[in-house]
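# Overview (structure and organization)
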Amino acid sequence: MRTSVRVRDLTVTFAENAVLRELDLDIAPGEFVALLGRSGSGKTTLLRVLAGLQAATSGAIAVPSPSAVVFQEPRLLPWKHVVDNVAIGMHGDGVRERATAALREVGLEHRLDAWPSTLSGGEAQRAGLARALVRDPQFLLLDEPFASVDALTRLRMHDLVIDLWRLHGPSVLLVTHDVDEALLLADRIVLLEAGRIAADIPIALARPRESTNPHFGELRHRILDLLGVPQASSGPIAIPAGVPV
Amino acid sequence: MLFVLLWQLGSSSGIIPAAKLAAPTAILSAFWTLAVTGALWSDLIVSVGRVAAGFTIGITLGVTLALVVGLSRPGDFVLDPLLQMFRTLPYLGMTPLLILWFGIGEAPKIALVAFASVFPVYMTLLGGIRAIDPKLIETARVFGLGRWETIREVILPGSLAPALVGVRYALGAAWLSLVVGEQINADRGIGYMIMDARDFLRTDIIVVGLLLYAILGLSTDAIVRQIEARALAWRPKTLGANT
């Protein structure tokens, strides 16, 4: 049975400083949600709480299991071959075969026994994606996974993530500060501001999506307005990243 | 080569008296005699055995202590200051004390070697553990690694490079302490061979002993370097990284 992500009344406080305040959030099974917000809005903290990396100060969360994370940096163990990095923490028969299959899905079957230091940024990030997928997660957490790859690779990664999401059907929470990325990928955009949900916007655009679509432009306008970004051009605009969240 | 040639010339012409320093040819023939009679091998085996025993104890202790101190707060608070204190002890000066504690058999020699090899391993491994990217440890947790698995898969491999440098230092210190240990009250081993030769003014045998120490030190270092090359093959190649 597939369960959903439920967050109720979640508060996280760091040294008297509330990063998340009485936050409620639901993600349906198989739903792709993008969490958008500027630096310091608490979006990474929310992801870390859902990933079990950060304790909640108060409130209740329920997360389907298994869940898996793709981090902003690939975070591969440099002393393990790519395939062993993907299989990390997994036991039993056929682990290597499963890891190999996951790497094939992300197009890295030719790099199984490479050292992580020899991978390009995009390859390393795809290996990180394979490491998450091999666990067959019901809930996939993506922490700005495309922020550190070049623009072309990012576009290919977007397609890859959508393909894999459609194939495996996990619930997805994508943390990003890139409005276009959120619009291209998500069923729903949740806007976080100062630890609270400022807006919850369903994105009903048909896939595959194009940023040239007029509805796309409209939505982008609306979201950037909500984020308080002054707009002139229609090019891709990212919220400037400053202080780490 | 030139140096050995000059040395040989000096010895043959009598400028270097054999009682001070034997000629290279005399050293070679002494080496040959000792090797053929077997005296050399039995002493060699005894010395290698002492280093092996002491070094094993030292490394085991060093790794255990570094893990305890590096991975637990109480260990850090209680053990580290204590170990730092011990580390500053001039351990070679402790020989008389070790003799009183362990007698004059194998134990004080092995203890001296162990003492010498603990701290280089402890210091470098601890430094390596503290330098591990906490994000990797967090990642291990996310992907379901338990405490022991994290130590085996992340912490130890991640601190192996500095720890192996420590092992090389430890080996140097181990052989040095063995030299000291064997000069006091040994009835077997290379050190004994040297001390025995001194009593008979056999400078050729003394030099053979010294050379043996040097060869053993170099070969054990070469073994560790081989291990380094294999175990650290994952490291990106840097300019001139051959050692």
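Only a predicted model underlies this, so the values are computations on that prediction, with no experimental measurement involved.

Moving on to the overall build of chain A. The number of helices and strands found in chain A is 7 helices and 9 strands. C-alpha atoms of chain A, sized along the principal axes, occupy 50 × 40 × 35 Å. For chain A, the residues scored as buried account for 40% of the 245 residues in total. Pairs at least 24 residues apart make up 70% of the contacts formed inside chain A by residues separated by at least 6 positions.

Another aspect to go through is the overall build of chain B. What chain B contains, in helices and strands, is 11 helices and 0 strands. Along chain B, from the amino end to the carboxyl end, the secondary structure elements read α-α-α-α-α-α-α-α-α-α-α. The dimensions of chain B, computed from C-alpha atoms along their principal axes, are 75 × 50 × 30 Å. Residue burial in chain B is summarised as follows: out of 243 residues, 34% are buried.

Residues and elements named next belong to chain A. Read from one edge of the open sheet, 6 strands run 5-6-7-3-8-9, paired in mixed fashion. The outermost strands of the open sheet, each flanked by one partner alone, are strand 5 (67-70) and strand 9 (196-202). Mean inter-strand twist for the sheet, computed between neighbouring axes without regard to direction, equals 20°. Contacts from helix 1 (residues 43-50) reach strand 3 (32-36), strand 6 (139-143), strand 7 (171-176) and strand 8 (188-193) within the one sheet, and its direction differs from that of strand 7 by about 150°.

Moving on: the interface of chain A and chain B. Contact with chain A, which involves 11 residues of that partner, is made by 13 residues of chain B. For the side of chain A that touches chain B, the per-class residue count stands at 8 nonpolar, 2 polar and 1 charged.

Moving on, we come to the packing of helix 10 (residues 190-199) of chain B against helix 11 (residues 203-231) of chain B. All names here are of chain B. In the contact formed by helix 10 and helix 11, the axes pass within 8 Å of each other and the chain directions differ by 160°. Compared by their axis directions, helix 10 and helix 11 come out roughly antiparallel. The way helix 10 lies across helix 11 gives a crossing that is left-handed. Here Ile190, Met193, Ile194, Ala197 and Arg198 of helix 10 lie close against helix 11, whose contacting residues are Ile205, Ile206, Gly209, Leu212 and Tyr213. When the residues that make up the contact of helix 10 with helix 11 are grouped by side-chain class, the tally is 8 nonpolar, 1 polar and 1 charged.

This paragraph deals with the sheet that holds strand 2 (residues 17-27) of chain A. Residues and elements named next belong to chain A. Spatially, 2-1-4 is the arrangement adopted by the 3 strands of the open sheet, whose pairing is antiparallel. In this open sheet, the two edge strands, each paired with only one partner strand, are strand 2 and strand 4 (58-62). For this sheet the average axis-to-axis angle between neighbouring strands, irrespective of direction, equals 20°. The sheet strands contacting helix 1 are strand 1 (5-14), strand 2 and strand 4, and the helix crosses strand 1 at an angle near 120°.

Glancing now at helix 10 of chain B. Residue and element names in this part refer to chain B. Within helix 10, the full set of buried residues consists of Ile190, Gly191, Met193, Ile194 and Ala197. Each buried residue of helix 10 sits inside an arc of 160° when the element is viewed along its axis, so together they form one side. Against the buried residues of helix 10 lie helix 3 (39-71), helix 9 (160-183) and helix 11. In the stretch just after helix 10, Leu201 is the one whose phi turns positive, near 55°.

Quick look at helix 6 (residues 106-130) of chain B now. In an α-helix there are 3.6 residues to a turn, and that puts residues three or four apart on one side. Taking 1.5 Å per residue as the helical rise, helix 6 of chain B with its 25 residues ought to reach 36 Å, and the 36 Å between its terminal C-alpha atoms agrees with that figure. The element helix 6 of chain B is extensively covered by neighbouring structure, given that 21 of its 25 residues are classed as buried.

The next point concerns the nonpolar core. In terms of nonpolar packing, the biggest core is built from 100 residues, with Leu35(A), Val86(A), Ala130(A), Leu173(A) and Ala174(B) touching the most fellow members. Here this core takes 15 residues from helix 6 of chain B, the largest share from any one element. What Leu35(A) contacts, discounting residues up to four positions off in sequence, is Lys43(A), Leu46(A), Leu173(A), Leu174(A), Val175(A), Val190(A) and Leu192(A).

All names here are of chain B. Running from N to C, helix 7 (residues 134-142) and helix 8 (residues 147-158) cross one another at 165°; their axes reach a closest spacing of 10 Å. It follows from the interaxial angle that helix 7 and helix 8 lie roughly antiparallel. Considering only the axes of helix 7 and helix 8, their crossing is right-handed. Contacts between helix 7 and helix 8 involve Leu136, Ile137 and Ala140 on the former and, on the latter, Thr150, Glu153, Val154 and Gly158. Considering only residue class, the contact of helix 7 with helix 8 consists of 4 nonpolar, 2 polar and 1 charged.

All right, on to unusual backbone geometry then. Residues and elements named next belong to chain A. The amide bond that connects Ser65 to the next residue, Pro66, takes the cis arrangement and shows omega of 0°. Inspection of the secondary structure puts Pro66 in the loop between strand 4 and strand 5. With an omega dihedral of -5°, the bond running from Arg207 to Pro208 counts as a cis peptide bond. Take Pro208: it is sitting in the loop between strand 9 and helix 7 (214-226). Positive phi is not limited to glycine here, since Asp9 has a value of about 60°. Its location among the elements puts Asp9 in strand 1. On the basis of neighbour count, Asp9 is assigned to the partly exposed category, with 13 C-beta atoms found within 10 Å. You will see that Glu144, though not glycine, has its phi angle at about 45°, which is positive. Mapped onto the elements of the fold, Glu144 is located in the loop between strand 6 and helix 5 (151-168). Judged by local crowding, Glu144 falls into the buried class, with 21 C-beta atoms found within 10 Å.

All names here are of chain A. Direction of pairing for strand 1 relative to strand 2: antiparallel, over a ladder of 7 bridges. Within strand 2, the residue paired with Arg6 across the bridge is Asp26. Between strand 1 and strand 2, which pair antiparallel and follow one another directly, the connecting turn spans 2 residues, one of which, Ala15, has a positive phi of 45°. Looking at chain direction, strand 1 and strand 4 are connected through 4 bridges and run antiparallel. In the strand pairing of strand 4, Arg8 is matched with Ala60.

Conventions we followed
- Residues numbered from 1 in each chain as written.
- Chains lettered and ligands numbered in written order.
- Predicted model: local features only at pLDDT ≥ 70, side-chain atom pairs only at ≥ 80, totals over all residues.
- Helix = DSSP H or I, 4+ residues; strand = E, 2+ residues; numbered from the N terminus.
- Buried ≥ 20, exposed ≤ 12 C-beta atoms within 10 Å, placed from the backbone.
- Contact = placed C-beta atoms within 7 Å.
- Pairing = 2+ DSSP bridges.
- Axes fitted to C-alpha atoms, helices over the stretch in contact; angles between N-to-C directions.
- Nonpolar A, V, L, I, M, F, W, Y, C, P; charged D, E, K, R; others polar.
- Parallel < 35°, antiparallel > 145°, perpendicular 65-115°, else oblique.
- Left-handed = near helix turned anticlockwise from the far one by under 90°.
- Arc of directions from axis to C-beta.
- Expected span 1.5 Å × (residues − 1).
- Core = buried A, V, L, I, M, F, W, Y, C linked by C-beta atoms within 7 Å.

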